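Here is how the chains run, residue by residue.
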Amino acid sequence: MPIAFCPLRSGSSGNSIYIGCGNTHILTDAGMSGSRITAELAKIGVTPDMLSGIIATHEHSDHIKGVGILSRKYDLPIYATEGTWQGMDKLIGAVSAKNRRVLTPEQDFYIGDMGIRPFSTPHDSASSVGYSLIYKG
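Everything in this summary refers to the structure shown in the same document. (Residues numbered from 1 in each chain as written. Predicted model: local features only at pLDDT ≥ 70, side-chain atom pairs only at ≥ 80, totals over all residues. Heavy atoms only, no water.)

Reading across from one edge, β7-β8-β9 is the order of the 3 strands in this open sheet, with antiparallel pairing throughout. Edge positions in the open sheet fall to β7 (109–111) and β9 (129–134), since each of these has one partner strand only. Between one strand axis and the next, the sheet turns by 35 degrees as a mean value, whatever way the strands run. When strand β8 (residues 114–120) meets β9, the two strands line up antiparallel, connected through 6 bridges. (Pairing = 2+ DSSP bridges. Helix = DSSP H or I, 4+ residues; strand = E, 2+ residues; numbered from the N terminus. Axes fitted to C-alpha atoms, helices over the stretch in contact; angles between N-to-C directions.)

Attention now goes to the packing of aromatic side chains. Counted according to the given criterion, the structure contains 1 aromatic pair. Here Tyr 79 and Phe 109 contribute two aromatic rings whose centre-to-centre distance is 5.2 Å and whose plane-to-plane angle is 15 degrees, an arrangement assigned as stacked. Linking Tyr 79 in strand β5 (residues 78–81) with Phe 109 in strand β7, this pair joins segments that are 30 residues apart in sequence. Residue Tyr 79 shares its accessibility class with Phe 109, and that shared class is buried. (Phe/Tyr/Trp six-rings, centres within 6.5 Å; stacked < 30°, edge-to-face > 60°. Buried < 20%, exposed > 50% of the residue type's maximum accessible area, 1.4 Å probe, protein only.)

This part covers the sheet that holds strand β4 (residues 53–55). Here we have 6 strands laid out as an open sheet, ordered β1-β2-β3-β4-β5-β6, and mixed in their pairing. Two strands in the sheet have a free side with no partner beyond their single neighbour: β1 (4–9) and β6 (100–103). Across the sheet, the mean angle separating the axes of adjacent strands is 25 degrees when strand polarity is ignored. Of the strands in this sheet, β1, β2 (16–21) and β3 (24–28) are in contact with helix α1 (residues 34–43), which crosses β1 at around 140 degrees. (Contact = heavy atoms within 4.5 Å.)

What follows covers the side chain of Ser 16. Within the secondary structure layout, Ser 16 lies in strand β2. Using a relative accessible area of 1% as the deciding quantity, one classes Ser 16 as buried. A polar atom in the side chain of Ser 16 sits 2.9 Å from the backbone oxygen of Asp 29. If near-sequence neighbours (up to four positions away) are discounted, Ser 16 is found in contact with Pro 7, Leu 8, Arg 9, Leu 27, Thr 28, Asp 29, Ala 30, Gly 31, Met 32 and Ile 37. (Polar contact = N/O pair within 3.5 Å; in protein donor to acceptor, adjacent residues only side chain to side chain.)

Turning our attention to the side chain of Thr 28. Inspection of the secondary structure puts Thr 28 in strand β3. We classify Thr 28 as buried; its relative accessible area is 11%. Leaving out residues up to four positions away in the same chain, Thr 28 has contacts with Ser 16, Ile 17, Ile 19, Ile 55, Thr 57 and Tyr 131.

What follows covers the nonpolar core. Counting residues in hydrophobic clusters, the biggest one holds 21 residues, and the most contacted among them are Leu 27, Leu 41 and Ile 92. Looking at this core, the elements that each hand over two or more residues are α1, α3 (67–74), β5 and α4 (82–92). Top contributing element to this core by residue count: α4, with 3 residues. Residue contacts for Leu 41: discarding those within four places in its chain leaves Leu 8, Tyr 18, Leu 27, Val 46, Pro 48 and Leu 51. In this structure, Cys 21, Ile 26, Phe 109 and Ile 116 belong to the second largest nonpolar core, which totals 13 residues. (Core = buried A, V, L, I, M, F, W, Y, C linked by side-chain atoms within 4.5 Å.)

Functional significance is not addressed by these values, which are geometric in nature.
The following block contains the structure:
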């Protein structure tokens, strides 16, 4: 099965990308309301309860607006650097301790069957990262 890569929104009004392969479904950022993300996912045949997690690039509101509500409503883990967590903590509302995942740039991790390598990116934020995603090599 190939990797599906679907930008849901990109721009100052919100950023979010759906990435799916096999049984793994991830959002990179959730910079719109939870209802808007739900509607955008529906257009590609995905429901939020199918998601395996959210990987955040940085703490700006156009990247995290819906992160907290999606995590609470669908029990989704959120993966972010310590600096991003510190910057977004008060902005996204309470997130269950079990869904708070702290990542380190250049340290690989897995969500389902997808390998993920965060790498530092230059940006005017606490700890911005991009992601390389690997599925079956």
